[in-house]
Amino acid sequence: MKQANLVGWLFVVLVTGLLEAGVRLFELRDSVPAPSAVLRALAEGVSSGTLSGEVGTTLESYAEGLGLAIAAGIVLGLVIGSSRTLLEASSIVIEFLRPIPAVALIPLAIMVFGLGLPMRRFVIAYAALWPILINTLYGARGADRVLHDVARTSGVTRLGRLVSVTFPAALPSIATGIRVSASLALLVGVTAELVTGTEGIGSYMQRQQLAYQLPELYAAIVVTGFLGYAINVALRRAERHFLFWVGEGRLAR
Amino acid sequence: MLSDVTFDVREGELLSVVGPSGCGKTTLLRLLCGLTPPSDGSVLFNGKAVMRPPREVALVFQDYSRSLFPWLSVIRNVMLPLRRAGLRRGEKIARAEAVLQEMGLHGVARKYPWELSGGMQQRVAIARALVSRPKILLLDEPFGSVDALTRTELQDVLLRVHGDFEERRVTIVHVTHDIDEAVYLSDRVLVLGSAPGRLVASIDVELERPRVQTATRSSPRFLAVRNEIHDVIASREREAGHLGV
C-alpha cells in the first residue's frame, strides 16, 4: 500500500465484469444475482439507511468486543510474559481455552447475557483475546535483555520496566496479534448476529435469505468483506505510523 | 564463572581488565554494577556491599544497537537515568543537552539512534552513562563493534571523560580484549585467566598523561607493558596445556 494497488483493483473490476457476463449469458439470475443487481441493492440499502444502520450496530459490538480483548490481552500478556512462574502456571489453562471456537460458546453466552449486545460483545472479546494475548506473551518474552539491564542500571523499577521496556519492545508483535484478531472478531461478530437474528449485518443477511432476496443478501456479504478490508488497511496505516522504528537501524553501523 | 578474583579500584583510577574470551570479563562487570548478585564473596563500594545497581555506578554496554532504545529519541535515551534524580523536566533536558555537547554530539537530540552512525550511537550511550554524574563508569568492550578509526576516536573521548572532571574525577573500569587499547587508556591493567576466570596479574602502566595516540603508542614504556601482558597471557596458556608460543 505504498500507493493505491492499481493491479489489485483492476483485477477486482475484471472478476466483477466476468461474473456479470457469466450470470447474464447463462441465465443464472435465480441462483446467483448479477453484480449490477447487488450494487443496486447495496446503494438502496445504504441510502435508505436500513443496511447502514445494521453496519453501525455490527461495528458497535465489534469495537467494544475488540477493545476489551486488546486491553485484556495486552495487560495479561505483559504481566504473564514477564514472569516465568506466571507463564508456567497459566500455560495449561491458556492452551485449553484457546482452541475452543468462540462460536461454540454462543449458546452459553445467550444463557448468561441474553440475545443482545452484551452477548455479542462477550463472544467477540473471547475470540479476539487469544491472538493478542499469545502475541503479547511472545513479544514480552522476546524483549532484549540488554534493554532491561540498561533500565535496571538506570534505576527504573520493575513496574516501570514493564511499561517502558517490555511494552514498547512487544508492540510489533502486539500489532500482529491485533491484526489477526481484528478479522477474527468481525467473523465471530457477524456469525453471532446470524445465529440470533436480532440485529446487525448478520441478522440482515438472515432476513434477506428467508425472504429470498438474493441481491440484498449479497449486498450485505459485500459490505462485510469491505469492512474487513478497510479495517485491515487502517490497522496497517496505524502500525506504520506508531511503530516507526521497526526495521530501522540495526543496519546503519 | 569466576573464582578467586580480588582487587581494589582506587578513586579516580582508570582500570582495564583484559583476558581471553570466555574468562568472565562481562560477568565481572555485571557483579561490579550489581546486575548479577555474587554466588560467593562480595562487591564493596565505599565499604558497603553492592546488592543492586547503585546510583553512583553507570554502565556502558558493548552493543549500542541493542543498548539504545530505538523508540526513544536521542535526548530521551540520555534522560533515562535522570528519572530518579528528582529534577524538574527542564533541568533534565538541560543536563542531557549539556552532556551531548560534551560528547561532541551537536544537533542530534531529536533524532533517533538508528539515524546515527555507529560511533555516534556509542557516544550517545556514553553520554547516557555520564548524565547522572556517576562516581564510577563501567564499560563492557565499549569499542568492540565500531571500525578502527572510530575506535581510536572513541578511546580519546574516553580519556577526555576521565581527565576532564578534575574536581570530581570519575573512576573508570573498562573491559576489553584489546591489550594495546588497555595499555593506552589505563593506569593499571588486570589480566584474567580462564576456566575458571581468575586474576592472573595486575600491571601498573605508568605512562604519562595526557596520552597521545602516536607518541604514547610508540614509546618504549608502552611496548614494554604490552609485551609484559602478552607474556603473562602466553605463559598462563602454556600452563593450562594450550599450545603456547
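About the criteria used
Residues numbered from 1 in each chain as written. Chains lettered and ligands numbered in written order. Predicted model: local features only at pLDDT ≥ 70, side-chain atom pairs only at ≥ 80, totals over all residues. Heavy atoms only, no water. Contact = heavy atoms within 4.5 Å. Buried area = accessible area lost by both parts, 1.4 Å probe. Salt bridge = Lys/Arg side-chain N within 4 Å of Asp/Glu carboxyl O. Helix = DSSP H or I, 4+ residues; strand = E, 2+ residues; numbered from the N terminus. Nonpolar A, V, L, I, M, F, W, Y, C, P; charged D, E, K, R; others polar. 1 Å grid on protein atoms, 1.4 Å probe; cavity = no way out; pocket = protein on both sides within 12 Å on 5 of 7 lines; lining within 4 Å. Points joined across faces, edges and corners; volume = space filled by probe spheres on them. Core = buried A, V, L, I, M, F, W, Y, C linked by side-chain atoms within 4.5 Å. Buried < 20%, exposed > 50% of the residue type's maximum accessible area, 1.4 Å probe, protein only. Domains from an automatic or database assignment. Expected span 1.5 Å × (residues − 1). Bend = angle between axes of the 7 residues up to and from the residue. pLDDT = per-residue confidence, 0-100. Axes fitted to C-alpha atoms, helices over the stretch in contact; angles between N-to-C directions. Parallel < 35°, antiparallel > 145°, perpendicular 65-115°, else oblique.

Some details on the interface of chain A and chain B
Right, so step 1: Facing 23 residues of chain A, the contacting portion of chain B comprises 28 residues.
Right, so step 2: For the pair chain A and chain B, the two sides together bury roughly 2,400 Å², of which 62% comes from carbon and sulfur.
Right, so step 3: Across the contact surface, chain A and chain B share 2 salt bridges.
Right, so step 4: Among the secondary structure elements, those contributing two or more residues to the side of chain A that touches chain B are helix 7 (145-153) and helix 8 (158-196) of chain A.
Right, so step 5: In terms of residue count, helix 7 of chain A provides more of the side of chain A that touches chain B than any other element does, 8 residues in total.
Right, so step 6: In terms of residue class, the side of chain A that touches chain B is made up of 11 nonpolar, 5 polar and 7 charged.

Side note on the layout of surface pockets
All names here are of chain B.
Right, so step 1: One number sums up the size of the largest pocket: a volume of about 900 Å³.
Right, so step 2: In terms of lining, the largest pocket is formed by 34 residues, of which the most central are F7, L32, S42, V43 and L44.
Right, so step 3: Only helix 1 (25-32), strand 2 (44-45), strand 5 (136-140) and strand 6 (171-175) provide two or more residues apiece to the lining of the largest pocket.
Right, so step 4: The dominant element in the lining of the largest pocket, judged by the number of residues it contributes, is helix 1, at 4 residues.
Right, so step 5: Split into classes, the residues belonging to the lining of the largest pocket amount to 18 nonpolar, 10 polar and 6 charged.

Here's the deal with the nonpolar core
Right, so step 1: By size, the foremost hydrophobic cluster in this structure holds 53 residues, and its most contacted members are V78(B), M103(B), L137(B), V183(B), V191(B) and I229(B).
Right, so step 2: When residues are assigned to domains, this core turns out to be shared by domain 1 (1-56 + 137-245) and domain 2 (63-133) of chain B, each giving three or more.
Right, so step 3: Beyond its immediate chain neighbours, meaning those up to four positions away, V183(B) contacts V189(B), V205(B), L207(B), R211(B), F222(B), V225(B), R226(B) and I229(B).
Right, so step 4: In terms of nonpolar packing, the next biggest core, distinct from the first, is built from 49 residues, L42(A), A109(A), V123(A) and I178(A) among them.

Overview of helix 6 (residues 117-141) of chain A
Residues and elements named next belong to chain A.
Right, so step 1: Taking 1.5 Å of rise per residue, 25 residues should cover 36 Å, and helix 6 covers 35 Å from first to last C-alpha, within 8% of that figure.
Right, so step 2: Residue L129 marks the point of greatest curvature in helix 6, where the axis turns by about 30 degrees; the proline P131 follows within four residues.
Right, so step 3: The element helix 6 is extensively covered by neighbouring structure, given that 19 of its 25 residues are classed as buried.

Notes on the confidence of the model for chain B
Right, so step 1: Averaged over all residues, the pLDDT of chain B equals 88, while 95% of them reach at least 70.
Right, so step 2: By mean pLDDT, the top-scoring element of chain B is helix 3 (residues 74-79) of chain B (96), and the lowest-scoring one is strand 3 (residues 48-49) of chain B (83).

Brief notes about the side chain of R179(A)
Right, so step 1: Relative to the helices and strands, R179(A) is located in helix 8.
Right, so step 2: Setting aside chain neighbours within four positions, we find R179(A) in contact with N232(A), L235(A), R236(A) and E239(A).

Notes on the packing of helix 2 (residues 35-48) of chain A against helix 10 (residues 214-242) of chain A
Residue and element names in this part refer to chain A.
Right, so step 1: Contact pair helix 2 / helix 10: the axes reach a minimum separation of 8 Å and the direction vectors enclose 75 degrees. In terms of axis orientation, helix 2 runs roughly perpendicular to helix 10. Contacts between helix 2 and helix 10 involve A37, V38, A41 and L42 on the former and, on the latter, P215, E216, Y218, A219, V222 and V223.
Right, so step 2: Across the contact of helix 2 with helix 10, the residue classes break down as 9 nonpolar, no polar and 1 charged.

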